[in-house]
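# Structure at a glance
Here's the letter readout for the chains.
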Amino acid sequence: MADKQISLPAKLINGGVAGLIGVTCVFPIDLAKTRLQNQQNGCRLYTSMSDCLMKTIRSEGYFGMYRGAAVNLTLVTPEKAIKLAANDFFRFHLSKDGQKLTLAREMLAGCGAGTCQVIVTTPMEMLKIQLQDAGRIAAQRKLMPQAVTPGGPVELKSPTAMQLTRQLLKEKGIAGLYKGLGATLLRDVPFSVIYFPLFANLNNLGKRGADGPAPFYVSFISGCIAGSTAAVAVNPVDVIKTRLQSLTRGSQEDTYSGVIDCIRKILRHEGPTAFLKGAYCRALVIAPLFGIAQVVYFLGFNENILGLPRSFFLI
C-alpha cells in the first residue's frame with residue numbers, strides 16, 4: 001500500500017463520508033460559535049456557548065440548533081473531500097521516491113489543500129452564516145427592537161438556502177456567494193498549513209511498525225489535537241470572515257468594507273479580545289470533526305468500510 005497511490009474517487013468518497021459524519025455530530029456548537037462571533041458590544045444576547053444553545057432551544061426548538069445544517073451537509077462532502085484528497089495529492093507529488101516529506105513540504109501540501117477547498121468553502125460558509133445568524137437577528141427584533149435595522153437577504157421570513165442563493169445571484173451575481181473569499185483564504189490556508197503536518201507527525205508516532213497504519217484511536221486523537229490547535233490559531237481570522245459574510249446587522253452594530261476595515265473597527269470598539277470570540281466553540285467543533293474525519297478517511301482505505309472492490313482504491 002505504501003508504494004501505491006490511493007485513487008482519487010476513493011479519496012473523494014471517504015472524505016465525503018468523513019465530513020457528513022463529523023458535521024452531524026458538532027453542528028449545534030458551530031451555530032453557537034457563529035452567533036457568539038457576530039454579536040457586538042451593546043447588542044449581546046448570549047453570554048456563553050451553553051447560554052446560546054439553551055436560549056436557541058427555548059426560542060426556536062431543538063431543531064433550531066441545526067439551522068443551516070442542510071447547506072453544510074450538502075456541501076461538506078465536496079469540501080472535505082477536496083481538502084483531504086488535495087492534501088494527499090500534493091503530499092504524493094512533493095515526495096521524492098517515497099521518502100518522508102520534510103516539514104516545509106508538508107506545510108506546502110497543506111497550503112495547496114487549503115487553497116483548493118475555498119472553491120466550495122466560501123459559498124457554503126456564506127449561506128450557512130446567514131441561516132445560523134437569522135435566529136439571533138430574530139431574537140434581537142423581539143428583545144431589542146431598537147437595535148435592529150431592516151435590510152439584507154435574511155430579512156426573508158425563515159429564509160431557505162435556495163431563497164438566499166437566488167437573491168444573492170440576482171443582486172450581486174456569483175460574486176455575492178463569494179463575499180469574504182479573501183478572509184476565507186486567510187483562514188483556511190494557515191489552518192491547513194498547521195493542521196496537516198501536525199496531524200501527520202502525531203499520527204506517525206502511533207504507527208505499528210515502519211509501514212503499518214496507526215490504530216484508529218491514534219488517528220482520532222491526532223485529528224482532535226491537530227484540529228483544535230489549528231482552529232484556535234486561526235480564530236481571529238475566522239471572526240473577521242464571519243463578520244464580513246454576515247449580511248444583516250443591528251443598527252448599533254458596525255458594518256465593514258473589507259478585512260483591514262474590519263480589523264480596525266473591532267480593535268477600536270471591542271478590543272483585541274474580540275478576536276478570541278467563539279475560540280473554544282471552534283476548538284470543540286473542529287477537534288471531533290477532524291478526529292472523526294481522519295478515522296473514517298483512514299479506515300476507508302485500511303479496512304474498506306465502504307465495501308468497495310479493493311481495485312477501486314488503487315490507481
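Nothing here was measured: the structure is a model prediction, and the numbers come from that model.

This next bit is on the pattern of salt bridges. Oppositely charged side chains are able to pair whenever their charged atoms sit close together. Here the structure, examined in full by the defined rule, presents 16 salt bridges. For aspartate 238, the salt bridge goes to lysine 33, with nearest N and O atoms at 2.9 Å. With aspartate 238 in helix H9 (residues 235–245) and lysine 33 in helix H1 (residues 8–38), the pair connects residues that are 205 residues apart, well separated along the chain. For the pair shown, aspartate 238 and lysine 33 are each scored as buried. Of the charged contacts, one joins aspartate 133 and arginine 136 as a salt bridge, the two residues approaching to 2.7 Å between their closest N and O atoms. Of this pair, aspartate 133 and arginine 136 both sit in helix H4 (residues 103–143), three residues apart, roughly one helical turn. With relative accessibility at 4%, the residue aspartate 133 sits in the buried group.

On to the packing of aromatic side chains. In this structure the tally under the stated criterion is nine aromatic pairs. When the ring of phenylalanine 191 is compared with that of tyrosine 195, the centres are 5.7 Å apart and the planes differ by 15°; the resulting orientation is stacked. Of this pair, phenylalanine 191 and tyrosine 195 are both found in helix H7 (residues 181–205), four residues apart, which corresponds to roughly one turn of the helix. Note on accessibility: phenylalanine 191 and tyrosine 195 belong to one class, buried. Plain terms: the ring middles of phenylalanine 191 and phenylalanine 290 are 5.4 Å apart, the flat faces sit at 45° to each other, and that makes the pair tilted. Highlighted residues: phenylalanine 191 in helix H7 and phenylalanine 290 in helix H11 (residues 279–302), separated in sequence by 99 residues. Taken as a pair, phenylalanine 191 and phenylalanine 290 share a single burial class, namely buried. Cluster of aromatic residues (ring-pair linked, three or more members): Phe191, Tyr195, Phe196, Phe199 and Phe290.

With that settled, consider the packing of H7 against H9. At a closest axis distance of 9 Å, the pairing of H7 and H9 adopts a crossing angle of 155°. Between H7 and H9, the angle falls in the class roughly antiparallel. Crossing hand, H7 versus H9: left-handed. Taking contact as the criterion, the partners of Ala183, Thr184, Leu186 and Arg187 in H7 are, on H9, Val237, Asp238, Lys241, Leu244 and Gln245. Tallied by class, the residues present in the contact of H7 with H9 amount to four nonpolar, two polar and three charged.

Our next topic: the environment of asparagine 201. Within the fold, asparagine 201 resides in helix H7. Sequence-wise, asparagine 201 and serine 222 are 21 residues apart; in three dimensions their C-alpha atoms are separated by 8.6 Å. The contacts of asparagine 201, once residues within four sequence positions are left out, are Lys100 and Glu106. Separated by 2.6 Å, the side chain of asparagine 201 and the backbone oxygen of proline 197 make a polar contact.

What counts and what doesn't
Position numbers for residues start from 1 in each chain and track the written sequence from start to end. At least 70 in pLDDT is required for a residue's local features to be given in this predicted model, at least 80 for side-chain atom pairs to be given and counted, and no such filter applies to totals for whole chains, interfaces and linings, which use all residues. Computation of side-chain values: all heavy atoms of the structure, hydrogens and water removed. Every case where a carboxyl oxygen of Asp or Glu lies within 4 Å of a side-chain nitrogen of Lys or Arg is listed as a salt bridge. Runs of E in the DSSP output that reach at least two residues are strands. Runs of H or I that reach at least four are helices, and both are numbered from the N terminus. With a 1.4 Å probe rolled over the protein chains alone, any residue whose accessible area is under 20% of its type maximum counts as buried; one over 50% counts as exposed, and the rest are partly exposed. To pair, rings of Phe, Tyr and Trp, with the six-membered ring standing in for Trp, must have centres within 6.5 Å; the planes then decide the type, stacked if under 30 degrees apart, edge-to-face if over 60, and tilted in the middle. Fitted lines through C-alpha atoms give the axes, limited to the stretch in contact for helices. The angle between two N-to-C directions lies from 0 to 180 degrees. Any angle that is under 35 degrees is reported as roughly parallel, and any over 145 degrees as roughly antiparallel; angles of 65 to 115 degrees are reported as roughly perpendicular and all others as oblique. Each crossing gets its handedness from the near helix: less than a right angle anticlockwise from the far helix is left-handed, clockwise is right-handed. Any pair of residues with heavy atoms lying within 4.5 Å of one another is described as a contacting pair. Under this grouping Gly is polar, as are all residues other than the nonpolar Ala, Val, Leu, Ile, Met, Phe, Trp, Tyr, Cys and Pro and the charged Asp, Glu, Lys and Arg. Identification of polar contacts relies on pairs of N or O atoms within 3.5 Å, with a donor-acceptor requirement for protein atoms, meaning one able to donate a hydrogen and the other able to accept it, and with residues adjacent in sequence counted only if both atoms are side-chain atoms.

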